[in-house]
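# Summary of the model geometry
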Amino acid sequence: ASLSSRTITMDALRPVLFGLTTTPQIWPTLIPTTLVGWIPLCLAPRWKYTSQLTLAVPLVHSVLYAAIFLPIMFLTPKEERADLNSMQDIFKLFGDVDIFFCGWVHYLAFDLLVARGLALDALENCKVSDLKYYTTVVPCLVACMYCGPVGYALYCGLRGLGVIAPLPEDGKQG
């Protein structure tokens, strides 16, 4: 089935969230809400609210994603759905503003969750000092924020090389 008829279906499914009728109206709120999690993760990782904020922000984005994507997914007639094994269909699918929006929200939520995992590993398993956190972990978090998998790979590389490593059994940092 052709995706050209998808526009008509999608227009009928446009969500109304928080009094805003289009995803372009919601778009400007995404980065500021995401920064509510990223700023404390990078600047105040030991603050008592950082852990909760870095979970709350992706939760808000996940609810937003579900509210937009699930109606589209379940209410689009089967014959009009994209073949997820076809790069061409996926490319066409991302041409829709709401699907593109959902893709971006997906990245925002999961990049923050991955970065949170890296930070928690460094703080809880490796017991890094503040100096080591700001000089080795934060660059990984920034890379994760801008290009997710690169930040993850960088952290794994530093961890594998022992730059970010668990404390020795005597508890003294090297």
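The residue numbers shown here count from 1 along each chain, following its written sequence. Per-residue local features are limited, in this predicted model, to residues with pLDDT of at least 70; the limit for side-chain atom pairs, both in listing and counting, is 80 or more; totals at the level of whole chains, interfaces and linings are taken over all residues. The side-chain values count all of the structure's non-hydrogen atoms but skip hydrogen atoms and water molecules.

## Let's talk about the overall build of the chain
The cut-off we apply is this: Helix and strand assignments come from DSSP, with helices taken as H or I runs of at least 4 residues and strands as E runs of at least 2, each series counted from the N terminus. Exposure is judged per residue with a 1.4 Å probe applied to protein chains only, and the accessible area is read against the type maximum: over 50% gives exposed, under 20% gives buried, and values in between give partly exposed. Contact definition: two residues touch when any of their heavy atoms are within 4.5 Å. Areas reported here follow the Shrake-Rupley algorithm with a probe of radius 1.4 Å; residue values treat only the protein chains shown as occluding.
Across its full length, the chain holds seven helices and zero strands. Secondary structure elements of the chain occur, N-terminal to C-terminal, as α-α-α-α-α-α-α. Classification of the 174 residues of the chain by burial places 37% in the buried group. Long-range pairs, those at least 24 residues apart, make up 73% of the contacts in the chain between residues at least 6 apart in sequence. Only carbon and sulfur atoms are counted for the fraction: they give 69% of the accessible area of the chain, which is about 10,200 Å².

## Brief notes about the side chain of Asp111
Where we set the bar: In this tally Asp and Glu are treated as negative and Lys and Arg as positive; neither His nor the chain ends contributes. We count a salt bridge whenever a side-chain nitrogen from Lys or Arg sits within 4 Å of a carboxyl oxygen from Asp or Glu.
By the secondary structure assignment, Asp111 is in helix α6 (residues 97-125). Within the buried set, Asp111 has no salt-bridge partner at all; the shortest N-O distance to an opposite charge, 14 Å, is to Arg116. Not counting residues within four places of it along the chain, the set of residues in contact with Asp111 comprises Trp38, Cys144, Met145 and Gly148.

## Structural notes on the packing of aromatic side chains
The description of an aromatic ring pair rests on the distance of the ring centres and on the angle between the ring planes. Just so we agree on the cut-off: Two rings from Phe, Tyr or Trp (for Trp, the six-membered ring) form a pair when their centres are within 6.5 Å of each other. A pair whose planes differ by under 30 degrees is stacked, one over 60 is edge-to-face, and the rest are tilted.
Overall, the coordinates contain six aromatic pairs when judged by the stated rule. For the ring pair Tyr65 and Phe69, a centre distance of 5.3 Å and an interplane angle of 25° mean the geometry is stacked. Of this pair, Tyr65 and Phe69 are both found in helix α4 (residues 50-75), four residues apart, which corresponds to roughly one turn of the helix. Its relative accessible area of 24% is what places Tyr65 among the partly exposed residues. In this structure an aromatic cluster arises from ring pairing among Trp27, Phe100, Phe101 and Trp104.

## Quick look at the packing of helix α3 (residues 30-43) against helix α7 (residues 130-160)
For clarity, the cut-off: To get an axis, fit a line to the C-alpha atoms, keeping to the stretch in contact for a helix; angles then go from 0 to 180 degrees between the N-to-C directions. Reported orientations rely on four angle classes, namely roughly parallel under 35 degrees, roughly antiparallel over 145, roughly perpendicular from 65 to 115, and oblique for the rest. The sense of a crossing depends on the near helix, which, turned anticlockwise from the far helix by less than a right angle, makes the crossing left-handed and, turned clockwise, makes it right-handed. Classification used: nonpolar for Ala, Val, Leu, Ile, Met, Phe, Trp, Tyr, Cys and Pro, charged for Asp, Glu, Lys and Arg, polar for all others including Gly.
Running from N to C, α3 and α7 point in directions that differ by 160°, and their axes come no closer than 9 Å. Between α3 and α7, the crossing angle belongs to the class labelled roughly antiparallel. For the pair α3 and α7, the crossing hand works out as right-handed. In contact with Trp38, Leu41, Cys42 and Leu43 of α3, α7 contributes Tyr133, Tyr134, Val138, Leu141, Cys144 and Met145. Looking at side-chain class alone, the contact of α3 with α7 contains ten nonpolar, no polar and no charged residues.

## A word on a nonpolar patch on the surface
What counts, and what does not: Patch building starts from residues that exceed 30% relative accessible area and form no salt bridge, then joins like charges within 9 Å and nonpolar side chains (Val, Leu, Ile, Met, Phe, Trp, Tyr) within 5 Å.
Taken together, the side chains of Trp27, Ile31, Leu35, Ile39, Leu43, Phe94, Phe100, Trp104 and Tyr107 make up a nonpolar region of the molecular surface, amounting to roughly 880 Å² of accessible area. Looking at the nonpolar patch, the elements that each hand over two or more residues are α3 and α6. With four residues, α3 is the largest single contributor of residues to the nonpolar patch. Examined against the element boundaries, Trp104 turns out to sit in helix α6. Judged by relative accessible area, which is 33%, Trp104 ranks as partly exposed.

## Digging into the packing of α3 against α4
It is at 8 Å that the axes of α3 and α4 come closest, and there the two elements cross at 155°. In this view, α3 runs roughly antiparallel relative to α4, as classed from their interaxial angle. Like other packed secondary-structure pairs, α3 and α4 cross with a definite hand, here left-handed. Facing α3, whose interface residues are Leu30, Thr33, Thr34, Val36, Gly37, Pro40 and Leu41, α4 presents Thr50, Leu53, Thr54, Val57, His61 and Leu64. Here the residues of the contact of α3 with α4 are counted per class, giving seven nonpolar, six polar and no charged.

## Focus: the side chain of Thr23
Rule in force here: Counting of polar contacts relies on pairs of N or O atoms within 3.5 Å, with two restrictions inside protein: one atom must be capable of donating a hydrogen and the other of accepting it, and residues adjacent in sequence are counted only when both atoms are side-chain atoms.
Along the chain, Thr23 turns up in helix α2 (residues 23-26). On the basis of relative accessibility, which here comes to 1%, the residue Thr23 falls in the buried class. A distance of 2.6 Å separates a polar atom in the side chain of Thr23 from a polar atom in the side chain of Asp98. Contact partners of Thr23, with chain neighbours within four places excluded, come to Ile68, Val97, Asp98 and Phe101.

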